[in-house]
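# Analysis of the macromolecular model
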Amino acid sequence: MELKLFDVHAHYQDERFDGDRDELFEKMRADGVRGIVDSGDSAESSVKCIKTAEKYDFVYAAAGIHPLNVKYAKDGDIDKIRELLKHPKVVAVGEIGLDYHYEDTAPKEQQFYWLREQIKLAAETGKPIVFHDRDAHEDSFNVLKEASKMGVGGILHCFSGSVEMMREIIKIGFSISLGGAVTFKNARKTAEVAREVPLDRLLLETDCPYLSPEPFRGKRNYSSLIKYTAQKIADIKGISVEELCDVVYKNSIKIFGIS
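Residues numbered from 1 in each chain as written. Predicted model: local features only at pLDDT ≥ 70, side-chain atom pairs only at ≥ 80, totals over all residues. Heavy atoms only, no water.

## Some remarks on the pairing of strand E5 (residues 129-134)
Convention followed: Per-residue accessibility, obtained with a 1.4 Å probe over protein chains only, is compared with the maximum for each type, and a residue is labelled buried under 20%, exposed over 50%, and partly exposed between these values. What counts as a helix is a DSSP run of H or I of at least four residues, what counts as a strand is a run of E of at least two, and both are numbered from the N terminus. A clockwise course of the path from the first strand over the helix to the second, judged with the strands pointing away from the viewer, identifies a crossover as right-handed. A pair of strands is treated as paired once DSSP finds two or more bridges between them.
Of all 6 residues making up E5, 5 are buried, and the element is well covered by its neighbours. Note on the crossover from strand E4 (residues 90-99) through helix H4 (residues 108-125) to E5: the handedness is right-handed. Bridging between E5 and strand E6 (residues 154-156) involves 3 bridges; their strand directions are parallel. Bridge pairing links Phe 131 to Leu 156 in E6. Read from E5 through helix H5 (residues 137-149) to E6, the crossover connection turns out right-handed.

## A closer look at the layout of surface pockets
We apply this condition: Using only the protein atoms, space was sampled on a 1 Å grid; points where a 1.4 Å probe fits but cannot get out form cavities, open sets with protein on both sides within 12 Å along at least five of seven lines form pockets, and lining residues are those with an atom within 4 Å of a point. Grid points are joined across faces, edges and corners, and a volume is the space filled by probe spheres set on the points. Gly is put with the polar residues, along with every residue not named as nonpolar or charged; the nonpolar set is Ala, Val, Leu, Ile, Met, Phe, Trp, Tyr, Cys and Pro, and the charged set is Asp, Glu, Lys and Arg.
There is about 970 Å³ of room inside the largest pocket. Along the walls of the largest pocket sit 42 residues, with His 132, Arg 134, His 157, Asp 207 and Tyr 210 positioned nearest its centre. Residue assignment for the lining of the largest pocket shows that the elements contributing at least two residues are strand E2 (33-39), helix H2 (43-55), E4, E5 and helix H7 (188-196). Split into classes, the residues belonging to the lining of the largest pocket amount to 13 nonpolar, 15 polar and 14 charged. Considered as a void within the structure, the second largest pocket measures approximately 160 Å³ in volume. Surrounding the second largest pocket, Ser 175, Asp 200, Arg 201, Leu 202, Leu 203, Asn 251, Lys 254 and Ile 255 form its lining. Within the residue set of the lining of the second largest pocket, elements represented by two or more residues are strand E8 (202-204) and helix H9 (241-255). No other element matches the 3 residues that H9 contributes to the lining of the second largest pocket.

## Some points on the packing of H2 against helix H3 (residues 77-84)
Quick note on the threshold: For every element, the axis is a line fit to its C-alpha atoms; helices are fit only across the contacting stretch, and the angle between N-to-C directions ranges from 0 to 180 degrees. Angles are sorted into four bins: roughly parallel if under 35 degrees, roughly antiparallel if over 145, roughly perpendicular if 65 to 115, and oblique for all others. Definitions for this section: a left-handed crossing has its near helix turned counterclockwise from the far helix by less than a right angle. A right-handed crossing has that turn clockwise. Note on contacts: a residue pair qualifies if any of its non-hydrogen atoms lie within 4.5 Å across the two residues.
In contact at an axis separation of 10 Å, H2 and H3 are set at 15° when each is read in the N-to-C sense. With respect to H3, the element H2 is oriented roughly parallel. Handedness of the crossing formed by H2 with H3: left-handed. Taken together, the residues of H3 that come into contact with H2 (itself represented by Ala 43, Ser 46, Val 47 and Ile 50) are Asp 77, Lys 80, Ile 81 and Leu 84. Residue composition of the contact of H2 with H3, by class: 5 nonpolar, 1 polar and 2 charged.

## Focus on H4
Applicable threshold: Expected span of a helix: the number of residues minus one, times 1.5 Å.
With 18 residues, H4 should reach 26 Å at 1.5 Å per residue; the first-to-last C-alpha distance of 26 Å fits that figure. Residues of H4 that are buried include every one of Gln 111, Phe 112, Trp 114, Leu 115, Glu 117, Gln 118, Ile 119, Leu 121 and Ala 122, and no others. Against H3, E4, E5 and H5 lie the buried residues of H4. A positive backbone phi angle near 75° is found at Gly 126, which sits one or two residues after H4.

## Concerning the pattern of salt bridges
Note on pairing: side chains with opposite charge can pair once their charged atoms come close. The test is simple: A side-chain nitrogen of Lys or Arg and a carboxyl oxygen of Asp or Glu constitute a salt bridge if their distance falls within 4 Å.
Under the definition given, this model contains 21 salt bridges. One salt bridge connects Arg 82 with Glu 124, and the closest N-O pair in it is separated by 3.2 Å. Residue Arg 82 is located in helix H3, and its partner Glu 124 is located in helix H4; the two are separated by 42 residues in the primary sequence. Given a relative accessible area of 25%, Arg 82 falls into the partly exposed group.

## A short note on the packing of aromatic side chains
The test is simple: Ring geometry is summarised as follows: Phe, Tyr and Trp rings, the Trp one being its six-membered ring, pair when their centres sit within 6.5 Å, and such pairs are stacked at plane angles under 30 degrees, edge-to-face over 60 and tilted between the two.
Applying the stated criterion across every chain yields a total of 9 aromatic pairs. Summarising the aromatic geometry, the rings of Phe 25 and Phe 58 are spaced 6.4 Å apart at their centres and angled 70° between planes, so their arrangement reads as edge-to-face. Pair noted here: Phe 25 is in helix H1 (residues 21-30) and Phe 58 is in the loop between H2 and strand E3 (59-63), with a separation of 33 residues, a long-range link. Of the two residues examined, Phe 25 and Phe 58, each falls in the buried class. Judged by centre distance (5.5 Å) and plane angle (85°), the ring pair of Tyr 113 and Trp 114 falls under edge-to-face. Residue class for Tyr 113 comes out partly exposed when judged on its relative accessible area of 47%. Using a relative accessible area of 9% as the deciding quantity, one classes Trp 114 as buried.

## Concerning the pairing of strand E7 (residues 174-178)
Within E7, 5 of the 5 residues are buried, leaving the element largely enclosed by the surrounding structure. With burial as the criterion, each face of E7 is covered, one bearing Phe 174, Ile 176 and Leu 178 and the other bearing Ser 175 and Ser 177. Here E6 pairs with E7 via 3 bridges, running parallel. Among the inter-strand pairings, Gly 154 is bridged to a residue of E7, identified as Phe 174. In this fold, E6 hands off to helix H6 (residues 163-171), which returns the chain to E7; that crossover is right-handed. In this fold, E7 hands off to H7, which returns the chain to E8; that crossover is right-handed.

Distances and angles like these do not, on their own, reveal function.
Structure, rendered in structure tokens:
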């Protein structure tokens, strides 16, 4: 039985795909990958994501400005993202969020400004958000509560919080996306989240080219490898990988409004 594989978060505009991007998409189609959301991290990369989505029927795009890139954002970029969101293959606002990990990131005030402006776009368009949270759990949860009150939902990609945080996130209407990190030997907290997250709120991703699952850790990730993440989570939950992938596929097309 062929698995229904849907990768809700990928970065195929990364330079590591420049040498074989088209060949890789054909391989992934042959491997049974039925859906990919290629996420932008700036206005410019979002345009490239859309061009890829136009080329392949099973590829969709998210348009947004990543928190690590807001310090490079220019006047008018919000209007550019607003226009991109009108494209029929753009299914989400993303990747957006908060990142406090690096010392040279934009100040918190600047990150919050661009984040809230993009959440407003999600509220305007009715599209979900793809949210990045790194070392910013409390602030991320508070801003997601604000978004929820505006009628905005979406996913926390590569969720790295606790089971308790996961439960609070679900209460306010968001879903949890897990990637290759769940296969790592030291990923105890992520494995606990995988066990406890309700199936109807679970999504799968690669975040490629990053976070390849075992046994490919350290190598370039791509969407076909999501089956290893799926198998690990299925084992944790005590269900078949076919059942897990079928439910996650249905969750994915529902949250992104794909018919």
